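Coordinate inspection notes
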Amino acid sequence: MNNPTKKMIYLALLAAVAIVLGYFESLFPLPTPVPYIKLGLGNVIIVTVLYVFDAKAALFVSLTKVLISSILFLGFSGFLYSFTGAAASWMIMTLLKKTGLFSQLGVSIAGGVFHMLGQIGVAVLLIENISLSFFLSPLLLAGAGTGVCVGFIAAQLTAQLKKIMAQSNVLH
Amino acid sequence: MKIKKADIILMLVILAASGLCYLYVAAKPTGSTVCVYSEGIFYGEYALQQNQEIEIITAQKHKNTISISDGTVWVSQADCPDHICMRQGKIARSGASIICIPNRLSITITGANALDAVVY
């Protein structure tokens, strides 16, 4: 990496996009029976950063997104859910990517599922007397579904971003 | 992007797990009692078969209204910002729950009815 400043600027811009995407999708809640099922548009950015840069960069963008989103519009309670979902998602995606067995699509699917699992896990811990079992079935489907969409979009964005950055010499 | 075998396997595993969870839940019987927790504290227990409306007001003066009628429970009114609790529909199976995360409210069905499971 011969230009850390340029890299930081890219990451900061991408984090900003992720924050705006997160806010944008919070304006249109999906008509689903399970809380915290979201489109996960911000995850497109995280997955893209994971493949264009590396896991550490993805973690940076993810945490920045969680922190700023929480300050701006999620609140403290939102922070707990957001942070846990993002952390669980990042961990599984980094792990699966490292094995080399999965494509960007598989990594995204796992990321989407674990993001939701993390969030509903926080709900089970914080809210008394509810059990996971009734939420799991739709949640797994939704997580996989959004993961597929996120994966395809991220693949496009990854290719485009790599092209742009190769031209401006950021990566090498 | 080339889709790999591991991706397909992962997707199938998730679909299978989702199906198994659904089967587990669908086998649960209708419950008998509605158990309400507000802000971490037990609020009350109500009979599922008794039509009633319960208003829960939190310390911050937030209000949810729970309606019990025809053997099902749902949230008929809430002042939380997203109203996800109201969209969670009507529940009746033992173990099912509705939660209002902003108002820290949980409604869970417990116990088991003498009737067979109701498909809803």
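A word on the sheet that holds strand β3 (residues 52-57) of chain B
Residue and element names in this part refer to chain B.
- The 3 strands are arranged β3-β4-β5 in an open sheet whose pairing can be described as antiparallel. Strands with a single pairing partner mark the edges of an open sheet, and in this sheet they are β3 and β5 (72-78). Between one strand axis and the next, the sheet turns through 25° on average, direction left out of account.

Some words on the nonpolar core
- Membership of the largest hydrophobic core comes to 39 residues, with the highest contact counts inside it found for A:Val49, A:Leu50, A:Phe53, A:Val61, A:Met93, A:Val107 and B:Ile14.
- For this core, the secondary-structure elements that each account for two or more residues are α1 (4-26), α2 (41-52), α3 (55-99), α4 (104-126) and α5 (133-167) of chain A together with α1 (5-26) of chain B.
- Of all hydrophobic cores here, the second largest spans 22 residues; its members include B:Val75, B:Ala78, B:Ile98 and B:Ile107.

A look at the confidence of the model for chain B
Residue and element names in this part refer to chain B.
- When pLDDT is averaged across chain B, the result is 85; 93% of the residues are at 70 or more.
- Confidence scores differ between elements of chain B, with helix α2 (residues 84-87) showing the lowest mean pLDDT of 82 and α1 the highest of 94.
- Two summary scores accompany this predicted model of the complex, namely pTM at 0.86 and ipTM at 0.86.

Some points on the environment of A:Ile37
- As for its placement among the helices and strands, A:Ile37 is situated in the loop between α1 and α2.
- Its relative accessible area of 12% is what places A:Ile37 among the buried residues.

Section: α5(A)
- Given a rise of 1.5 Å per residue, 35 residues ought to cover 51 Å, and the 50 Å separating the end C-alpha atoms of α5(A) matches this to within 8%.
- Of all the bends in α5(A), the greatest, near 30°, is centred on A:Leu139.

A closer look at the packing of aromatic side chains
- Within the structure shown, the criterion is met by 3 aromatic pairs over all chains.
- Relative to B:Phe42, the ring of B:Tyr37 has its centre 5.6 Å away and its plane inclined at 75°; by these criteria the two rings are edge-to-face.
- Directly above the aromatic system of A:Tyr51 lies the positively charged group of A:Lys97, at a separation of 5.2 Å from the ring centroid.
- Above the face of the B:Trp74 ring, B:Lys90 is positioned so that its terminal group lies 4.1 Å from the ring centre.

Observations regarding the packing of α4(A) against α1(B)
- α1(B) packs onto α4(A) with a crossing angle of 25° between their chain directions and a minimal axis gap of 9 Å. With respect to α1(B), the element α4(A) is oriented roughly parallel. As for how α4(A) packs across α1(B), the hand of that crossing is left-handed. The segment α4(A) lies against α1(B), with A:Gly106, A:Ile109, A:Ala110 and A:Val113 engaging B:Asp7, B:Leu10, B:Met11 and B:Ile14.
- Partitioning the contact of α4(A) with α1(B) into residue classes produces 6 nonpolar, 1 polar and 1 charged.

Notes on the environment of A:Val150
Residues and elements named next belong to chain A.
- With respect to the secondary-structure elements, valine 150 resides in helix α5.
- As a C-alpha pair, valine 150 and methionine 93 span 57 residues in sequence and 13 Å in three-dimensional space.
- Discounting residues that sit within four places of it in the chain, valine 150 has contacts with Leu39, Gly40, Asn43, Val44, Val47 and Ser108.

Looking at the side chain of A:Asn43
Residue and element names in this part refer to chain A.
- For asparagine 43, the location among the structural elements is in helix α2.
- What makes asparagine 43 buried here is its relative accessible area of 16%.
- Those residues in contact with asparagine 43 that lie beyond four places of it in its chain are His115 and Val150.

Considering the interface of chain A and chain B
- Of the residues lining the interface, 38 residues belong to chain A; the matching set on chain B comes to 34 residues.
- Summing both sides of the interface, chain A and chain B together bury roughly 3000 Å²; the carbon and sulfur share of this comes to 71%.
- When the buried surface of chain A facing chain B is broken down by residue, A:Glu128, A:Asn129 and A:Phe134 rank first, second and third, together holding 23% of it.
- On the surface where chain A and chain B come into contact, there are 0 salt bridges.
- Our count for the chain A to chain B interface comes out at 5 residue pairs in polar contact (both at pLDDT 80 or more).
- Elements with a contribution of two residues or more to the side of chain A that touches chain B: α3, α4 and α5 of chain A.
- Element by element, the count of residues in the side of chain A that touches chain B is highest for α5(A), at 12 residues.
- For the side of chain A that touches chain B, the class distribution of residues is 26 nonpolar, 11 polar and 1 charged.

About the criteria used
- Residues numbered from 1 in each chain as written.
- Chains lettered and ligands numbered in written order.
- Predicted model: local features only at pLDDT ≥ 70, side-chain atom pairs only at ≥ 80, totals over all residues.
- Heavy atoms only, no water.
- Pairing = 2+ DSSP bridges.
- Helix = DSSP H or I, 4+ residues; strand = E, 2+ residues; numbered from the N terminus.
- Axes fitted to C-alpha atoms, helices over the stretch in contact; angles between N-to-C directions.
- Core = buried A, V, L, I, M, F, W, Y, C linked by side-chain atoms within 4.5 Å.
- Buried < 20%, exposed > 50% of the residue type's maximum accessible area, 1.4 Å probe, protein only.
- pLDDT = per-residue confidence, 0-100.
- Expected span 1.5 Å × (residues − 1).
- Bend = angle between axes of the 7 residues up to and from the residue.
- Phe/Tyr/Trp six-rings, centres within 6.5 Å; stacked < 30°, edge-to-face > 60°.
- Lys NZ or Arg CZ within 6 Å of the ring centre and 35° of its normal.
- Parallel < 35°, antiparallel > 145°, perpendicular 65-115°, else oblique.
- Left-handed = near helix turned anticlockwise from the far one by under 90°.
- Contact = heavy atoms within 4.5 Å.
- Nonpolar A, V, L, I, M, F, W, Y, C, P; charged D, E, K, R; others polar.
- Buried area = accessible area lost by both parts, 1.4 Å probe.
- Salt bridge = Lys/Arg side-chain N within 4 Å of Asp/Glu carboxyl O.
- Polar contact = N/O pair within 3.5 Å; in protein donor to acceptor, adjacent residues only side chain to side chain.

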